[in-house]
Amino acid sequence: MGGMESRTIPRLSDFHLSEDRGFLSAEDPLEFLPPYFSPWVDLARDTPKLLETKQLREHVHKLPLLDHTQLRGQQEWYLARVVLSMIGHAYVWQEGEEGVPDFLPRSVAVPWYRVSEHLGVPPIISHHCASLVNWKKKDPNGPLELDNLQLLFCITCPRDFAWFFLIPIQIEMHFTPALPLLVQFRYFLSGWKDNPALPHGLIYEGVSDKPFQFSGGSAAQVATVQCLDEFLGIRHDDRPGAFLMRMRDYMLPDHRNFIAAVGKGPSVRNFVSNSDDQELRTAYNTCVSLLRDFRSLHIRIIASYVIIPSKRAKGHQVEGLANVGTGGTGTNPQTSYILTQIVKKFTKIKFT
């Protein structure tokens, strides 16, 4: 582009991204692991009914410690992380906030930690394992569209639970051509960082005697949105910026590296600012406005369907989490400030 500073433009292939699917895997996710790992897969599939009968922890205690090094190929590692994340979170939050254990049995803790370490992400549920590699086509020969997708694994059974994870996949797919949330269920996506139910974090038995603190799944981990921030030159300072950068730690290394590379590329914002083309400026400002409106809508959804219902749930299991988001952010005035500052950062370019 004329007038833009000369910098290396990243290629999607450098980050194992697909021109057809963007941040989604180029291959459909695996549905099964080799028979050796059937105890993981079977338990993950039975998680919804075991939670209903409060027997999930009992089954985890009987789970053998399997050798994760027998996993072969990236897709097997992805699926292993999916099932272990489902089991791990179901174990911790089986009783809601009542009797939350402060350690995770080694049969889950060790492989979950090592598999996540291999993939370069923390051992906690995240957007990647809950959505991006946790789906299959209802019709294998059909299109990769929302109506033809279903989750491979769910922690609970309600239909709405599935939509929370499938809709972000559609968002990723719609964003794909630009490359060449929504609100999660309270307990089962909550992490153990800044969480009053686990103030010191969670001990991964067999990994470390010290507790780990990790944020849970969050819409802030959706690579598409942060990628657009970088492309449009939206800079978030102080607490909002620190929070968004921390959420990148829960993305796959290739994904967060791609976002960083986009940010280091030619500055679209500077190019538009230095241009006299008012049509170009209008197009840029429209993009900024739409992204700001998307984030504002997300905040309103959180307020309407998470914060307000949670605060009304006095005496219910969710009460203590009323002021904590699944990503570890509070839903108190301090977090309102952070979210408000994020939205305010979407400043348009003034015409001269």
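This is a predicted model, so every value here is computed, not measured.

Considerations on the overall build of the protein
In terms of helices and strands, the protein carries 13 helices and four strands. When burial is assessed residue by residue, the protein has 54% of its 352 residues classed as buried.

Quick word on the packing of aromatic side chains
By the definition in use, this model includes nine aromatic pairs. On the numbers, 6.3 Å between centres and 80 degrees between planes, the contact of Trp112 with Trp192 is edge-to-face. Like Trp112, the residue Trp192 is buried in the burial classification. Geometrically, the ring pair formed by Tyr204 and Phe214 is edge-to-face, given 6.2 Å between the ring centres and 90 degrees between the ring planes. Taken as a pair, Tyr204 in strand β4 (residues 203–204) and Phe214 in the loop between β4 and α8 (223–232) lie far apart in primary sequence, 10 residues in all. Taken as a pair, Tyr204 and Phe214 share a single burial class, namely buried. Members of the aromatic cluster, each reached through a chain of ring pairs, are Trp112, Tyr113, Trp192, Tyr204, Phe212 and Phe214. Above the face of the Tyr91 ring, Arg57 is positioned so that its terminal group lies 5.6 Å from the ring centre.

Details of unusual backbone geometry
In this model, Lys54 sits at a positive phi of 60 degrees, which is unusual for a non-glycine residue. By secondary structure assignment, the location of Lys54 is in the loop between α1 (38–52) and α2 (56–61). According to the relative accessible area criterion, Lys54 is partly exposed, its value standing at 40%.

Comments concerning the confidence of the model for the protein
Taken over all residues, the pLDDT of the protein has a mean of 79, while the share at 70 or more is 76%. Low pLDDT (under 50) marks residues 1–7, which in the prediction has 14 contacts with non-local residues, meaning those over four places away or in another chain. pLDDT under 50 marks residues 181–185. Its contacts with residues more than four places away, or in other chains, come to 24 contacts.

Here we look at the pattern of salt bridges
In this structure the tally under the stated criterion is nine salt bridges. For Lys54, the salt bridge goes to Glu95, with nearest N and O atoms at 4.0 Å. With Lys54 in the loop between α1 and α2 and Glu95 in the loop between α3 (74–93) and β1 (103–104), this pair connects stretches of sequence that are 41 residues apart. Overall, Glu95 belongs to the partly exposed group, its relative accessible area being 23%.

So, the environment of Met251
Turning to its location among the elements, Met251 is positioned in the loop between α9 (238–248) and α10 (253–264). When the C-alpha positions of Met251 and Val222 are compared, they lie 8.1 Å apart, and in sequence the two are 29 residues distant. In contact with Met251, other than residues within four places in its own chain, are Gly120, Val121, Ala220, Gln221, Val222, Ala223, Gln226, Arg256 and Ile259.

Focus on the side chain of Ser85
Note that Ser85 resides in helix α3. There is a polar contact of 2.7 Å between the side chain of Ser85 and the backbone oxygen of Arg81. What Ser85 contacts, discounting residues up to four positions off in sequence, is Trp112, Ile124, Ile125 and Cys129.

Some remarks on α10
The periodicity of an α-helix, 3.6 residues per turn, causes residues three or four places apart in sequence to face the same way. The end-to-end C-alpha separation of α10 is 16 Å, in line with the 16 Å expected for 12 residues at 1.5 Å each. The elements touched by buried residues of α10 are α5 (127–132), α8 and α9.

Looking at the packing of α8 against α10
Running from amino to carboxyl end, α8 crosses α10 at an angle of 15 degrees, the nearest separation of the two axes being 8 Å. Considered as vectors, α8 and α10 are oriented roughly parallel to each other. In the crossing of α8 with α10, the sense of the turn from one axis to the other is right-handed. Residues Ala223, Gln226, Cys227, Glu230 and Phe231 of α8 form the contact with α10, whose participating residues are Phe258, Ile259, Val262 and Gly263. Classifying every residue of the contact of α8 with α10 gives six nonpolar, two polar and one charged.

Cut-offs applied
Residues numbered from 1 in each chain as written. Predicted model: local features only at pLDDT ≥ 70, side-chain atom pairs only at ≥ 80, totals over all residues. Heavy atoms only, no water. Helix = DSSP H or I, 4+ residues; strand = E, 2+ residues; numbered from the N terminus. Buried < 20%, exposed > 50% of the residue type's maximum accessible area, 1.4 Å probe, protein only. Phe/Tyr/Trp six-rings, centres within 6.5 Å; stacked < 30°, edge-to-face > 60°. Lys NZ or Arg CZ within 6 Å of the ring centre and 35° of its normal. pLDDT = per-residue confidence, 0-100. Contact = heavy atoms within 4.5 Å. Salt bridge = Lys/Arg side-chain N within 4 Å of Asp/Glu carboxyl O. Polar contact = N/O pair within 3.5 Å; in protein donor to acceptor, adjacent residues only side chain to side chain. Expected span 1.5 Å × (residues − 1). Axes fitted to C-alpha atoms, helices over the stretch in contact; angles between N-to-C directions. Parallel < 35°, antiparallel > 145°, perpendicular 65-115°, else oblique. Left-handed = near helix turned anticlockwise from the far one by under 90°. Nonpolar A, V, L, I, M, F, W, Y, C, P; charged D, E, K, R; others polar.

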